[in-house]
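Observations on the three-dimensional arrangement
The lines below spell out each chain.
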Amino acid sequence: MNFAVRLRQTRQGAGLSQMQLSIKSGIAQNMIWAYEAGKRMPNAFTLCCLADALGVSMDYLYGRTDKP
């Protein structure tokens, strides 16, 4: 599973809209859209912010493990 799919599924599983994740993570909503669309990849700091906001590990979001 690639990053875009994992991010979208994790966000939806948490019951968050892109805007809610944006507010919770401090990442612009248009960037979250771009990540989920597979148009961009986050840097390490942004990946950390997204993982923290979703309550999962960076490795899980990046697809390196299936353990959240």
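Attention here is on the structure that accompanies the text. Here the structure is a predicted model, which means the values were calculated and not measured. (Residues numbered from 1 in each chain as written. Predicted model: local features only at pLDDT ≥ 70, side-chain atom pairs only at ≥ 80, totals over all residues. Heavy atoms only, no water.)

One pass over the full model with this rule turns up three salt bridges. Between E36 and R11 there is a salt bridge, with its nearest N and O atoms 2.5 Å apart. Taken as a pair, E36 in helix α3 (residues 29-36) and R11 in helix α1 (residues 3-13) lie far apart in primary sequence, 25 residues in all. Like E36, the residue R11 is buried in the burial classification. The salt bridge involving R64 is made with D59; its shortest N-O contact spans 3.4 Å. (Salt bridge = Lys/Arg side-chain N within 4 Å of Asp/Glu carboxyl O. Helix = DSSP H or I, 4+ residues; strand = E, 2+ residues; numbered from the N terminus. Buried < 20%, exposed > 50% of the residue type's maximum accessible area, 1.4 Å probe, protein only.)

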